[in-house]
Amino acid sequence: HARSTALLFSQIKRAFSRPIALTAALLAVGAHIGNSALNIIASRHFITEVGWDKKAYTLLESSVTFFSLGGAFIGGFVASLLGAKRSVVLSGSLIALVWILFSRLESHWSEEWLVKTNMSVLAALLGLFSVSMFTLFMNISERRVAASQFTAYMAMLNLSIFLGNKFAGPLEDSLPSVPSAYLTCGLFHLGVMAFVLLAIKPPQKIPDSSPSSTGES
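Here's what I pulled together on the structure shown here. Predicted, not measured: the structure shown is a model, and the values here were computed from it.

Next up on the list: the packing of aromatic side chains. All told, the structure shown has 11 aromatic pairs when counted by the stated rule. Measuring from centroid to centroid gives 4.8 Å for F102 and W109, while their planes differ by 15°, and the two rings are stacked. Note on F102: relative accessible area 3%, which makes it buried. Relative to Y182, the ring of W109 has its centre 5.6 Å away and its plane inclined at 65°; by these criteria the two rings are edge-to-face. One end of the pair, W109, is in the loop between α6 (84-103) and α7 (112-140); the other, Y182, is in helix α9 (residues 178-199), and 73 residues separate them in sequence. Residue class for W109 comes out buried when judged on its relative accessible area of 2%. By the ring-pair criterion, three or more aromatic residues cluster together here, those being F46, W52, Y57, F102, W109 and Y182.

Spelled out as structure tokens, the structure:
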């Protein structure tokens, strides 16, 4: 435990002074911008332009929560198998590619099965993406202030959602069509994943030095 509040904030400041902590913060801020913006743009478009019933569309958005939970459950295993960074890059890149592919299928957007499939796949990938980021942030956090640092990353993820909501209107107004919004968000998200790949270097695992691992009794 920190002996005083001043010492606690000093330790938090030191934790965030490391390059990896700052790059992880940038990831947290950029992670959900595209998804949050597209949620607003797509909801408005499919209800007012494509002709979806508002209640039916809202029900569909709620029902894919189960796919998100499934993706989150699998995400723990994937992050353990591949490592948190690789899991983030893999799931994030797949999300971006789904957006880009969906942008090319505008002529089929009136088909219910396509919209349902798209939302279900994205929900599962977003669950996987979120858990992978949680794992990465936990690995990066300094042990002495892990709870505070991890909480700060969660706050930055919420900021990312807020920024996406704020950018939705200007983004839609500045682009010629909704498919262009999907394409733009997909390319932006691929850029975020490239940043993760190049800039974030998680610390190496510290070998277990407990007596049982060294053969000592």
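That was the structure; now back to the text.
By the element assignment, G34 lies in helix α3 (residues 33-50). Taking relative accessible area as the criterion, G34 reaches 2% and is therefore assigned buried. Measuring from C-alpha to C-alpha, the distance between G34 and G186 comes to 7.4 Å, with 152 residues separating the pair along the chain. Among residues more than four places away in sequence, those in contact with G34 are W99 and C185.

Within the secondary structure, N118 sits in helix α7. Relative accessible area serves as the criterion here: at 8%, N118 is assigned to the buried category. Every residue in contact with N118, bar those within four places of it in the chain, is listed here: V98 and F102.

It is worth spelling out the side chain of S103 at this point. Among the structural elements, S103 can be located in helix α6. Judged by its relative accessible area of 3%, S103 falls in the buried class. A polar side-chain atom of S103 sits 2.5 Å from the main-chain carbonyl oxygen of I100. Discounting chain neighbours no more than four positions away, the residues touching S103 are W109, P179, Y182 and L183.

It is possible for side chains bearing opposite charge to pair when their charged atoms get close. Overall, the coordinates contain 3 salt bridges when judged by the stated rule. K116 is the salt-bridge partner of E112, the closest N and O atoms lying 2.7 Å from each other. Here the residue E112 and the residue K116 both occupy positions in helix α7, the gap between them amounting to 4 residues, near one helical turn. By relative accessible area, which is 43% here, E112 ends up partly exposed. Classification of K116 by relative accessible area gives partly exposed; the value is 35%.

Criteria and cut-off values
- Numbering of residues begins from 1 in every chain and follows the order in which that chain's sequence is written.
- Totals for whole chains, interfaces and linings use every residue, but because this is a predicted model, local features are given only for residues with pLDDT of at least 70 and side-chain atom pairs only at 80 or more, for both listing and counting.
- For side-chain calculations, the full set of non-hydrogen atoms in the structure is used, while hydrogens and water are omitted.
- In this scheme Phe, Tyr and Trp rings, the latter by its six-membered ring, pair at centre separations within 6.5 Å, and the angle between planes marks the pair as stacked below 30 degrees, edge-to-face above 60, and tilted otherwise.
- Buried means the residue's accessible area, taken with a 1.4 Å probe over protein chains only, is under 20% of the maximum for its type, while exposed means over 50%, and partly exposed covers the values in between.
- A run of DSSP states H or I qualifies as a helix once it reaches four residues; a run of E qualifies as a strand once it reaches two. Both are numbered from the N-terminal end.
- Residue contacts are counted whenever heavy atoms from the two residues lie within 4.5 Å of one another.
- Definition of a polar contact: a pair of N or O atoms within 3.5 Å, with one able to donate and the other able to accept a hydrogen when the atoms are protein atoms, and with sequence-neighbouring residues admitted only if both atoms are side-chain atoms.
- Any carboxyl oxygen of Asp or Glu that lies within 4 Å of a side-chain nitrogen of Lys or Arg is treated as forming a salt bridge with it.

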